[in-house]
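# Remarks on the overall topology
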Amino acid sequence: CQLPAEWRPLSEGCRAELAAIIVYARVLALHPDPYGAYNYLPWQEGPPGGPQQAAGDLFYSAEIELLCDQAWGSMLEVPAGSRLNLTGLGYFSCHSHTVMQGYAYFFFLRMDENYILLPHGVNFQEAIFPDTQENRRMFASLFQFSNCSQAQHVLSFSSDWEIQEDNRLMCSSVQKALFEEEDRVKKLQQKVAALEKRNKQLRDRVKKVKRSLRQARKNSRHMELVNRKLSEKLSSAAGQIPYINSLKQENSHGTYLKV
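Residues numbered from 1 in each chain as written. Predicted model: local features only at pLDDT ≥ 70, side-chain atom pairs only at ≥ 80, totals over all residues. Heavy atoms only, no water.

The name given to the chain in an unreviewed UniProt entry is CCDC3 protein, and the organism recorded there is Alaudala cheleensis.

### What to know about the state of the cysteines
In this structure the tally under the stated criterion is 1 disulfide. At a sulfur-sulfur separation of 2.0 Å, the disulfide partner of Cys 68 is Cys 148. Between Cys 68 and Cys 148 the sulfur-sulfur dihedral comes to about 105 degrees; the bridge is accordingly right-handed. Of the two residues, Cys 68 sits in the loop between strand 2 (59-66) and strand 3 (83-91) while Cys 148 sits in the loop between helix 2 (133-142) and helix 3 (161-167), which places them 80 residues apart along the sequence. (Disulfide = S-S within 2.5 Å. Helix = DSSP H or I, 4+ residues; strand = E, 2+ residues; numbered from the N terminus.)

### Considering unusual backbone geometry
Phi at Tyr 115 takes a positive value of approximately 65 degrees, unusual for a residue other than glycine. The phi dihedral of Asn 123 is positive, around 60 degrees, even though this residue is not glycine. Topologically, Asn 123 is positioned in the loop between strand 6 (117-119) and strand 7 (128-130). Given the relative accessible area of 16%, Asn 123 is considered buried. (Buried < 20%, exposed > 50% of the residue type's maximum accessible area, 1.4 Å probe, protein only.)

### Brief notes about the pairing of strand 3
Sheet analysis places strand 2 next to strand 3, joined by 6 bridges and oriented antiparallel. When the bridges of strand 3 are listed, Ala 62 appears paired with Leu 86. Looking at chain direction, strand 3 and strand 4 (residues 96-97) are connected through 2 bridges and run antiparallel. Residue pairing in the sheet places Gly 90 in a bridge with His 97 of strand 4. From the end of strand 3 to the start of strand 4, which pair antiparallel, there are 4 residues. (Pairing = 2+ DSSP bridges.)

### Remarks on the pairing of strand 1 (residues 21-32)
Here strand 1 runs beside strand 5 (residues 104-111); their pairing, made up of 6 bridges, is antiparallel. Bridge pairing in strand 5 links Ile 22 to Phe 108. Of the pairings in the sheet, the one linking strand 1 to strand 2 comprises 7 bridges and is antiparallel in character. Counted as the bridge partner of Val 27 is Ile 64 from strand 2.

### Quick notes on the nonpolar core
For soluble globular proteins, the rule of thumb is that nonpolar side chains tend to be buried together. Among the nonpolar cores identified, the biggest contains 20 residues, and Val 99 and Phe 107 are the most heavily contacted of them. Listed by contribution, the elements that provide at least two residues to this core are strand 1, strand 2, strand 3 and strand 5. When residues no more than four places from it in sequence are discounted, the contact partners of Phe 107 are Ile 21, Ile 22, Val 23, Ala 25, Val 27, Ile 64, Leu 86, Val 99, Ala 127 and Ile 128. Counting 19 residues, the second-largest nonpolar core is a separate cluster that includes Ile 22, Leu 67, Phe 108 and Phe 145. (Core = buried A, V, L, I, M, F, W, Y, C linked by side-chain atoms within 4.5 Å. Contact = heavy atoms within 4.5 Å.)

### Focus on the packing of aromatic side chains
Taken as a whole, this structure holds 7 aromatic pairs when the rule is applied. Ring plane angle 90 degrees and centroid distance 5.8 Å describe the contact between Phe 108 and Phe 139, whose orientation is recorded as edge-to-face. With Phe 108 in strand 5 and Phe 139 in helix 2, this residue pair connects regions lying 31 residues apart in the sequence. The class of Phe 108 is buried, set by a relative accessible area of 0%. Aromatic rings pair up to connect Tyr 24, Phe 106, Phe 108, Phe 129 and Phe 139 into one cluster. (Phe/Tyr/Trp six-rings, centres within 6.5 Å; stacked < 30°, edge-to-face > 60°.)

### Focus on the side chain of Asn 123
At a separation of 2.7 Å, a polar atom in the side chain of Asn 123 contacts the main-chain carbonyl oxygen of Arg 8. The residues contacting Asn 123, other than those within four sequence positions of it, are Trp 7, Arg 8, Pro 9 and Leu 10. (Polar contact = N/O pair within 3.5 Å; in protein donor to acceptor, adjacent residues only side chain to side chain.)

### So, the side chain of Gln 70
Locating Gln 70 in the fold gives a position in the loop between strand 2 and strand 3. Side-chain polar atoms of Gln 70 contact the backbone nitrogen of Val 78, separated by 3.4 Å. When neighbours within four sequence positions are excluded, Gln 70 is seen to be in contact with Ile 22, Leu 76, Glu 77, Val 78, Gln 144 and Phe 145.

Structure, rendered in structure tokens:
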């Protein structure tokens, strides 16, 4: 399982602020889920009903009952006592969303375009939290649950909860700023890498130009030397032409007399 290169771990508090829906609920029943869009393993191929169905018992859905109204800030508007179906549970290749019948949990949930409720693994981390005192304290201090069932211990809130909430710096805003800064740094690094590559190409081109210039100068010096030698030969040959002409004239005169 490969996490994104820019992945950073987030605290439960920060992830709670980014979760679409948060509920405190008890699991009433578990039901096996068939092979489908939300329940499959990467090595499973072929149409539903084939040999890959052997792994179908790894996946299940749960019927849950809300023990409190949804957390403040959640997108789900249902009161305590409502019963919902939650799918996408079971043992997957890279993560597990598991619950047990009769136990209560805090759920991070999301709803897809077909209004199906699924665990919301914000930042690729855990989406289901057991009902412990530590988790009660953590989530009750972050999000206000209300109208809790009398059958359960009521989630208590400190009297200054709203003041704490107003004065607390939201993790989601900080995380967004960090991601934006990391993204900016990443883009700058990419630009630097591109500029370094371009600079290397220019240096290579300059080296080739210098090499060509040195070769041209060398060829020019060689041509100058050849031209100089040729000029000297031509000058020497030009100095011998009068002597050759005089010899021709003498030879021509002697032949005339002889005839």
